[in-house]
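For reference, the chains in residue letters:
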Amino acid sequence: MDRSIEPSMPDALAQRVADLTAVNTELSARVREQDERTAQLEAQHRQEVTGLEAAASALGGELAAGAADRTVLSPELAASREQVSALEQELDTRRQTEDAARAEMEAAYERLVSSLRPEIADKDVALERANAQVTVAISDRVLFPSGQARLTPDGAQVIDKLGAVLAGMPDRRIRIEGHTDDVPVGEELRSRFPSNWELSTARATSVVQRLIDHAHIAPARMEATGRAHTDPVMTNATEAGRRHNRRIEIILLPPTAVEPQTAS
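What you are looking at is a predicted structure, and each value in this text was computed from that prediction instead of being measured. (Residues numbered from 1 in each chain as written. Predicted model: local features only at pLDDT ≥ 70, side-chain atom pairs only at ≥ 80, totals over all residues. Heavy atoms only, no water.)

### Some remarks on the sheet that holds strand E3 (residues 173-179)
As summarised here, the arrangement of the 5 strands in space is E1-E2-E5-E3-E4, forming an open sheet in which the pairing is mixed. One side of each edge strand has no neighbouring strand; the edge strands of this open sheet are strand E1 (125-130) and strand E4 (222-228). Strand-to-strand, the axes of this sheet are offset by a mean angle of 20 degrees, without reference to chain direction. Inspection of the sheet shows E3 paired to E4 by 6 bridges, in the parallel sense. (Pairing = 2+ DSSP bridges. Helix = DSSP H or I, 4+ residues; strand = E, 2+ residues; numbered from the N terminus. Axes fitted to C-alpha atoms, helices over the stretch in contact; angles between N-to-C directions.)

Laid out in structure tokens, this is it:
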């Protein structure tokens, strides 16, 4: 056998060692890369865990603070809810009262129209509804002799008709206003009525007294006011206008709780 063509054993071993060394070097490099990657991942994981722990701690603090706030606010919230409920109930009660008052006033208006139909037809009486109140305006020629404050028999009958309706509404207040034109009181009457103020007040008082004596309306429900010529409904430049301005107004007011605010 010719041994000259076979490689020497030392050369083959050296080559094998070299190959294994290269493989080992490559594997070592891969292991180092993997270790570095693992270290990076572990560092990132620790950082994320630290962040989550901090967030959890902060959230825990917020939850604790929120719980403390709820503990403090719960009584206030309960009190606020009770107050809102009470206000809603009060508003509902007030609305029902106002609705009932309007219905009662409407019924009173219809009764007045029915009772005073002849006088309304003759234009001696006028009725008006406004702001939850009814105003009955009666011409002075129906109620009083010229320049006088004593009711005529016909005038007393008109007031009695009115009183029969007012007596059926004991919770209502009644304001009686006397009005005149701007013509001064004549000389023959000045000893009794120095001016239209005294005359208008005396006439309003006569109506109040009739309502007390014959309709038996409680005096505390009524007030008498003289307005003289300060509140005309028409011009005082004509006789027709002055005739309309000489009047008694009987104002049926709503209960105090629902009386509208009016300008003075």
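Moving on from the model shown.
### Concerning the packing of helix H4 (residues 153-166) against helix H5 (residues 196-214)
Each pair of packed helices can be summarised by the angle the axes make with each other and by the distance between the axes. Contact geometry of H4 with H5 gives a least axis separation of 10 Å together with a crossing angle of 60 degrees. Regarding the angle of H4 to H5, the classification is oblique. Where H4 crosses over H5, the two elements pack in a sense that is right-handed. Contacts between H4 and H5 involve Ala156, Ile159, Asp160, Gly163 and Leu166 from the former and Val207, Arg210, Leu211 and His214 from the latter. Its residues assigned to classes, the contact of H4 with H5 comprises 5 nonpolar, 2 polar and 2 charged. (Parallel < 35°, antiparallel > 145°, perpendicular 65-115°, else oblique. Left-handed = near helix turned anticlockwise from the far one by under 90°. Contact = heavy atoms within 4.5 Å. Nonpolar A, V, L, I, M, F, W, Y, C, P; charged D, E, K, R; others polar.)

### Regarding H4
Along its 14 residues, H4 runs 20 Å from first to last C-alpha, staying within 8% of the 20 Å computed at 1.5 Å per residue. Taken residue by residue, H4 has Gly155, Ala156, Val158, Ile159, Leu162, Gly163, Val165 and Leu166 as its buried positions. (Expected span 1.5 Å × (residues − 1). Buried < 20%, exposed > 50% of the residue type's maximum accessible area, 1.4 Å probe, protein only.)

### Points about the pattern of salt bridges
Using the criterion set out here, one finds 17 salt bridges in the structure. With a closest N to O distance of 3.8 Å, Arg95 and Asp92 form a salt bridge. Here the residue Arg95 and the residue Asp92 both occupy positions in helix H1 (residues 9-115), the gap between them amounting to 3 residues, near one helical turn. Arg95 sits in the partly exposed class, given a relative accessible area of 41%. The salt bridge involving Glu239 is made with Arg242; its shortest N-O contact spans 3.2 Å. In this pair, Glu239 and Arg242 both sit in helix H6 (residues 239-245), 3 residues apart, roughly one turn of the helix. What emerges from the salt-bridge pattern is a single network uniting Asp140, Asp181, Arg203, Glu239, Arg242 and Arg246. (Salt bridge = Lys/Arg side-chain N within 4 Å of Asp/Glu carboxyl O.)

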